Amino acid sequence: MQAVSVKVTLPDGAVREYAQGSTIEDVAGSISSGLKKNAVGGKVNGKVVDLNYALTGDAAVEIVTLDNADGLEMYRHSTAHLMAQAIKRIYGDQAVKLGIGPVIEDGFYYDIDMEHALTPEDLLAIEKEMEKISQENLSISRREVSREDALRIFGELGDPYKLELIRDLPEDVVLSIYDQGEFYDLCRGPHLPSTGRIKAFKLLSVAGAYWRGNAKNKMLQRIYGTAFPKKAQLDEHLVLLEEAKKRDHRKLGKDLKMFTFAKEVGQGLPIWLPKGAKLRRVMERYIVDVEESLGYQHVYTPVMGSVELYKISGHWDHYQEDMFPKMEMDNEELVLRPMNCPHHMMVYKSDMRSYRDLPIRIAELANQFRYEMSGALTGLHRVRAMTLNDAHIFCRPDQIKEEFSRVVRLIQRVYEDFGIKDYRFRLSYRDPKDTEKYYPNDEMWEMSQKMLREVVEELGLPFFEAEGEAAFYGPKLDVQIRTALKKEETLSTAQLDFLLPERFGLEYVGEDGNKHRPVVIHRGIISTMERMTAFLLENFTGNLPTWLSPVQAIVIPVSNAFDGYVKQVEEQLLAAGVRVEADYRNEKLGYKIREAQLEKIPYMLIVGENEMNSGSVSVRKRGEGDLGAQSTQEVIDKIVSEIRNKVV
RNA sequence: GCUGAUGUAGCUCAGAGGCAGAGCAACGCACUCGUAAUGCGUAGGUCGGAGGUUCGACUCCUCUCAUCAGCACCA
């Protein structure tokens, strides 16, 4: 009797036959010996599997090697297991309880629970042990177990976290355990065929992490690491991490004298130094001008408000803990405002509104204060005192779409002027399971989320969706960016709100003479001045476009003999509206150039005898170097036009 | 807020139970200079703060503050 065979379709479309029970390794080997050597697993009908996975029926099969994303993921996952095994060997099987150990972007982590607090030195010892286990080249194999067996096995091991995971898995899920030498772990897999395949890895840090991401649970120790198939790739990655640190706005902000913090002033309270204040002023003028040209009306409202105001809005219920505590004066209770919406509601309410008046766009560069938890504070990204480029658009329901699209166009225009290219739109919905956090009105939520989604789809914006990221009063369209250290943050936001108009009893008189309720769109374009500054510094590594640079040009004499001419050039530039400095210090030219370069000033204008005699300056442009002598007037015209056109 | 690490001159960092160190920056003097660091000199510190152990603490212990990483939070 002939053995049953299975038909395997390869990625190039070729169909081959194999005996039933053939493994991925067999398939790879039948294609080429090189592929067999490089294969670490396979993809069967789109599902990633182990190398020794046996084919039971006809299937589309792809060989997974370390050169593709699936292979790299397996590699890192197996490295996480390798680390767990090493830790158990060093600290004892019973002493170490394992949580979860997933693959993440650029690496992996494993959450563990143990008495001993791991230090950076311990990580080195763990790495050593990992290397040893890799040398041992233990084979990694999968076995499937029943739920009862799994509970028994991890019960005997005394691992409460794995037991909890098993209990929470759906009934119909196939449980599997991966073995490598004496070590085994509950895992869906797949994994590399053996520990010897793991060549280059590094444990990066250890930090606390709540079990299952819940602050009410115990805090475990999370060890982060990364792994690459080749040592050279690992080294390159580590260099990139170092480079990223140099782009950190906290470092650049200090080096470029943009901002500082002082214990004496308080945690998370930024002090804008002259250079940073200049950048901020440029941004503020820019955005106010743009907004006014688009029909926004700027207002000023106080940085404090009565608790009553926030009770009406609902902020008091939701965010009381995150506000600076109330001050009781006379018969009033006041708080530093954490948000400006309620104040702007009162701007709307200050007058009778007709349907003809709408939309009304109320804007403010609004200073606000939030008691961010100490651990959340990060440079200018998260602060306790901030100025938001805030606005509230009050419109009729039939105007939502148009107003929303205007906001999106404004975001795009501003991003173009600021040279922001790398961002993603996120539609932020409520988490329907979280009834605590979101205003309970299913109908309102469903309507506003649907409406927002339709608007965004109609605009043809690429977007992704995120549950549980909405504001308590409504869904948001957020613009997500990444910091130098690859953390995702929201820069711009536009939010659809049916709730606050309700709570504040906002009205307008419609065409029909009856009272109607307007809708509010909350929006921030350049975010807070603080966050945008942080972002720009990182985005440009401090090399701000000329129109945003605090100092746009510096005039440098070859020696003090030309100070008079320097003064003359400086005044010409000043008169043309260029932010200019001159370096009259008695130093060598090379020295002054170096300093100006480190300050990242876009234009250095160098003058000596030749320039003085010909009414010219030698231009040294940031990033381009010495451009030679040019007539002073021409150079000024060029700089002015670059500023005017916001060249980035 | 939680877990851990760190805190020494303006900056970057070394050191260590027995007199506190370097480079850069600052200041002074000389050099008057042509595209990323001229030379010499001077000054600069309650070693984050408080308490304790000790004959003696920057060093060891406790507490506290700040910073950093991560978690949680982010209207």
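Here the structure is a predicted model, which is why all the values come from computation and not from measurement.

Rules and cut-offs
Residues numbered from 1 in each chain as written. Chains lettered and ligands numbered in written order. Predicted model: local features only at pLDDT ≥ 70, side-chain atom pairs only at ≥ 80, totals over all residues. Core = buried A, V, L, I, M, F, W, Y, C linked by C-beta atoms within 7 Å. Buried ≥ 20, exposed ≤ 12 C-beta atoms within 10 Å, placed from the backbone. Helix = DSSP H or I, 4+ residues; strand = E, 2+ residues; numbered from the N terminus. Contact = placed C-beta atoms within 7 Å. Pairing = 2+ DSSP bridges. Axes fitted to C-alpha atoms, helices over the stretch in contact; angles between N-to-C directions. Domains from an automatic or database assignment.

1. Observations regarding the nonpolar core
With 92 residues, the main nonpolar core has A553, V555, L605 and V607 as its most contacted residues. Take this core: its biggest share by element is 8 residues, from helix α13 (residues 400-418). In contact with A553, not counting residues within four places along its chain, are L573, V578, V580, I601, P602, Y603, L605 and I639. In this structure, L51, M74, Y161 and Y178 belong to the second largest nonpolar core, which totals 44 residues.

2. Quick word on the sheet that holds strand β10 (residues 175-180)
Sheet architecture is open: 3 strands sit in the order β9-β10-β11, paired in antiparallel fashion. Either end of the sheet is taken by a strand with one partner, and the two such strands are β9 (140-145) and β11 (183-186). In this sheet, neighbouring strand axes are inclined to one another by 25° on average, regardless of whether the strands run parallel or antiparallel. In the sheet, β10 pairs with β11 via 4 bridges, with the strands oriented antiparallel. Each residue of the ladder has a partner; that of Q180, found in β11, is F183. On the sheet, helix α3 (residues 69-91) packs against β9, β10 and β11 and is oriented at approximately 125° with respect to β11.

3. Examining the domain arrangement of chain A
With domains assigned, chain A is organised as domain 1 (5-65), domain 2 (70-244), domain 3 (259-539) and domain 4 (546-644). For domain 3 versus domain 4, the distance between C-alpha centres works out to 41 Å.

4. Points about the pairing of strand β33 (residues 625-631)
Of all 7 residues making up β33, only 0 are buried, and the element is barely covered by its neighbours. With 6 bridges connecting them, strand β32 (residues 616-621) and β33 associate as antiparallel partners. Bridge pairing in β33 links S618 to A629. Remark: 3 residues form the turn of the hairpin made by β32 and β33, two consecutive strands paired antiparallel; G623 in that turn has positive phi of roughly 85°.

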